[in-house]
Amino acid sequence: MRILLYNPDNGVTRNFMPHLWMFLLKSLTPAGHEVLLIDGNAQPMDEAGIVRYVQEQNIGLVGIGAMTRMIAKAYRMADAIRAVGTPVVMGGPHVTEEADEALGRSGGPRHADAVALGEADETWPKIVEDAARGTLKDIYKPVDDFGQERKPNLKEYPVIPWDKIDLGQFNLVPKLAARTLQRIGDGWGTFRIIPLESGRGCPYGCEFCTVTGFFGDSIRFRTNESVVNELLLLKARAKSEGGQIAVFFIDDNFAINIKRTKSLLRDIIAANAQVHWVAQISANLLRDEELVDLIAASGGKWVFIGMESIDPANLAGVNKGFNKPGEYAAVLERLARRNVYAITSFIFGMDNDTPGVAERTLQEIQSWPPGLPIFGLLTPLPATPLYKKLEVAGRLTRTKHWLEFIPFQMAHTPLRMSIAEAHAEVKQGWARSYSSDALAHAVSSLKNKPLGYRINIFIARICFRGIYFPQMGVSAWVKVIYQNRRTIFSLIREGFVTWRTRPAPVV
Ligand code: B12
Ligand code: SF4
């Protein structure tokens, strides 16, 4: 049987990174079946397009995975596929919490023939065999012989054949420039950011987060050896293509067990498996100097930190009191001393926020080493403690907001500001942080560092700008380049001078 695994586009950004679940399920598919992958963020498709593809490729089963924000598109695509008689199985965090919605048991139409609840590593092979026999069940739940939920043991993690998988749709280097860039340095003909998990689960239980409920508070890790081997495979592939690879450790809290993280990082260094990497780590875990040394030595370049707010009352209100705004600056400086920078994520529209929250947050950010601030709105995701709290309090304004997904729009009213005010704060956060002045400031604040760091922060800021501001079309790009022409020109001029004054090679 031919199987298509499809992830819908998120409707906002082009994907900078593939979704791991597809590659994982492909690797766990029983022999005798062929699996094709389409990520809608890299290969946009509409309903007619996917139906054509399914029919032309003679697909016998379509698997769709989606976060809440993509679920409306996922349902539309599923409906179109099922209308031509091809069965659809859906999985991922949204349908795990809203299985009845996907199966048409809550008053709406049915969108899926089957739903895989929770982590599907162990149920996927069974789903494939049942689909091949035409005996798909409605629900697949990972349970043991006693009917208790069973979380996969990551000690036996499949080998994802990154050396053989077609990754053409995920090359971030524009086709026109690839041939030329292949000859620069070690080669820049390809550049891909690859998701890699070293463990699952987070016990912290922040009120707005799906993770503790979905993956559980029992944390599970892959063996160091299996992670190191995956890195070596990726590194070898990049080298053989004359390209570059970076890894995003998608663990929810990469340093949740500091002892184990240090041991993994030491093994990466010992095996010479370093690649440039990004990981999500909460600020409280970055107090450890030795950990930060190892992060830098093992290739860590960016750390994603869910700061959420600079107001301790807000943090306490969402069960994230372990974040201490008073130590944010010290944490970021500790990283910056090792040339590691941070993606700092903030949520506006929290219950203690008042108009002016963006300005107050921007003032703080200004005093920190340069990084990549991102701003979102507090969003009640299904089955989270936040959703339940707001529902009980009658504060939800759009109870099924995902069925009419609108980016950067709240679905409940904050306590101390209006919805419109919260939207304006997010807009201000993005506009100020990614203006040409802010980009020039970020670049010049690294004036004592080698040129590469200034280029890196500039490119990263330009790319992150695209999360909020559309910049996909040629005219949008031309506008961005024009607005930042002074910074671009100064970086080019400095690069030229550096190149001209480099020492002559020793013959
Ligand atoms: C990496 C990641 C991202 C990446 C993008 C995704 C990518 N390219 O990988 C980035 C950083 C861009 C991102 C952004 C966001 N993310 Co995110 N992200 C994650 C993260 C940390 C890891 C995802 C992952 O690969 N997990 C590992 C794989 C193995 O797990 P999985 O995807 O769940 O797949 C398993 C099962 O769900 C199931 N499954 C999944 N799909 C399918 C399909 C089929 C057919 C079957 C059978 C099974 C199946 O099988 C898999 C194996 O067990 C998760 C948290 C987490 N730990 O999962 C959050 C998470 C998915 N993100 C979340 C959110 C909210 C966001 C944002 C909206 C945040 C924001 N406010 O801006 C944005 C939106 C992005 C966008 N523009 O669309 C939420 C989603 C909750 C929900 N109900 O939808 C999560 C769960 C985190 C959280 N805090 O709650 N994210
Ligand atoms: S620390 Fe991060 S992953 Fe863990 S519960 Fe909080 S938001 Fe979720």
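Right, let's walk through the structure included here. (Residues numbered from 1 in each chain as written. Chains lettered and ligands numbered in written order. Predicted model: local features only at pLDDT ≥ 70, side-chain atom pairs only at ≥ 80, totals over all residues. Heavy atoms only, no water.)

1. Considerations on the side chain of Thr-344
Turning to its location among the elements, Thr-344 is positioned in strand β13 (residues 341-348). According to the relative accessible area criterion, Thr-344 is buried, its value standing at 5%. (Helix = DSSP H or I, 4+ residues; strand = E, 2+ residues; numbered from the N terminus. Buried < 20%, exposed > 50% of the residue type's maximum accessible area, 1.4 Å probe, protein only.)

2. Re the site of ligand 1
As a structural note, the neighbourhood of ligand 1 is formed by 38 residues, with Thr-68, Ala-120, Asp-121, Thr-210 and Asp-252 the closest of them. Within the residue set of the shell around ligand 1, elements represented by two or more residues are α1 (20-27), β3 (61-65), β4 (88-91) and α8 (211-215). Residue composition of the shell around ligand 1, by class: 20 nonpolar, 12 polar and six charged. (Near = heavy atom within 4 Å. Nonpolar A, V, L, I, M, F, W, Y, C, P; charged D, E, K, R; others polar.)

3. Describing the pattern of salt bridges
Applying the stated criterion across every chain yields a total of 36 salt bridges. Arg-76 is the partner of Glu-47 in a salt bridge, and the nearest nitrogen-oxygen pair spans 3.6 Å. Taken together, the residues Glu-47 in helix α2 (residues 47-56) and Arg-76 in helix α3 (residues 71-83) connect sequence positions 29 residues apart. Taking the relative accessible area as the measure of exposure, Arg-76 reaches 43% and is therefore partly exposed. What emerges from the salt-bridge pattern is a single network uniting Glu-119, Asp-121, Glu-149, Lys-151, Glu-197, Arg-200 and Arg-220. (Salt bridge = Lys/Arg side-chain N within 4 Å of Asp/Glu carboxyl O.)

4. Some remarks on the pairing of strand β1 (residues 2-7)
In terms of residue burial, β1 counts as a mostly covered element, since five of its six residues are buried. Examined bridge by bridge, β1 and strand β2 (residues 34-39) share six bridges and lie parallel to one another. By the bridge assignment for β2, Tyr-6 is matched with Ile-38. Taken together, the four bridges between β1 and β3 define a ladder with parallel strand orientation. Bridging across to β3, Ile-3 finds its partner in Leu-61. (Pairing = 2+ DSSP bridges.)

5. Let's talk about the nonpolar core
Leu-4, Met-90, Phe-249 and Ile-305 are the most contacted members of the largest nonpolar core, which totals 138 residues. Once residues lying within four places of it in the same chain are set aside, the contact partners of Phe-249 are Leu-196, Ser-198, Val-227, Leu-231, Phe-254, Ile-268, Trp-277, Val-278, Ala-279 and Gln-280. (Core = buried A, V, L, I, M, F, W, Y, C linked by side-chain atoms within 4.5 Å. Contact = heavy atoms within 4.5 Å.)

6. A look at the environment of Trp-277
Counting through the fold element by element, Trp-277 comes out in strand β11 (residues 276-280). According to the relative accessible area criterion, Trp-277 is buried, its value standing at 2%. Through-space distance from the C-alpha of Trp-277 to that of Ala-393 is 42 Å; in sequence the pair is 116 residues apart. Not counting residues within four places of it along the chain, the set of residues in contact with Trp-277 comprises Val-247, Phe-249, Phe-254, Leu-265, Ile-295, Ser-298, Gly-299, Gly-300, Lys-301 and Trp-302. Polar contacts involving the side chain of Trp-277 include one to the main-chain carbonyl oxygen of Ser-298, which spans 3.1 Å. (Polar contact = N/O pair within 3.5 Å; in protein donor to acceptor, adjacent residues only side chain to side chain.)

7. Thoughts on the environment of Val-318
Residue position: Val-318 is located in the loop between α12 (312-317) and α13 (328-336). For Val-318, a relative accessible area of 4% gives the class buried. Excluding its chain neighbours within four sequence positions, the residues that come into contact with Val-318 are Cys-206, Glu-207, Phe-208 and Met-350.

8. Thoughts on the packing of helix α10 (residues 258-270) against helix α11 (residues 289-297)
For the pair α10 and α11, the least separation of the axes is 9 Å and the interaxial angle reads 30°. Classified by the interaxial angle, the pair formed by α10 and α11 is roughly parallel. By crossing handedness, the relation of α10 to α11 is classed as left-handed. Residue-level contacts link Thr-261, Lys-262, Leu-265, Arg-266 and Ile-269 of α10 to Glu-290, Leu-291, Leu-294, Ile-295 and Ala-297 of α11. In terms of residue class, the contact of α10 with α11 is built from six nonpolar, one polar and three charged. (Axes fitted to C-alpha atoms, helices over the stretch in contact; angles between N-to-C directions. Parallel < 35°, antiparallel > 145°, perpendicular 65-115°, else oblique. Left-handed = near helix turned anticlockwise from the far one by under 90°.)

9. Regarding the site of ligand 2
Cys-202, Tyr-204, Gly-205, Cys-206, Phe-208, Cys-209, Thr-212, Asp-252, Asn-253, Lys-320 and Phe-322 make up every residue found near ligand 2. Across the shell around ligand 2, the residue classes tally to six nonpolar, three polar and two charged.

10. A word on the sheet that holds β1
Spatially, six strands are ordered β2-β1-β3-β4-β5-β6 in an open sheet, and the strand pairing comes out parallel. Strands with a single pairing partner mark the edges of an open sheet, and in this sheet they are β2 and β6 (139-140). As paired strands, β4 and strand β5 (residues 114-116) are joined by three bridges and run parallel to one another. Of the residues in β5, the one forming a bridge with Val-89 is Ala-114. The strands that α1 touches are β1, β2 and β3; relative to β1, the one it contacts most, it runs at about 160°. Of the strands in this sheet, β1, β2 and β3 are in contact with α2, which crosses β1 at around 160°.

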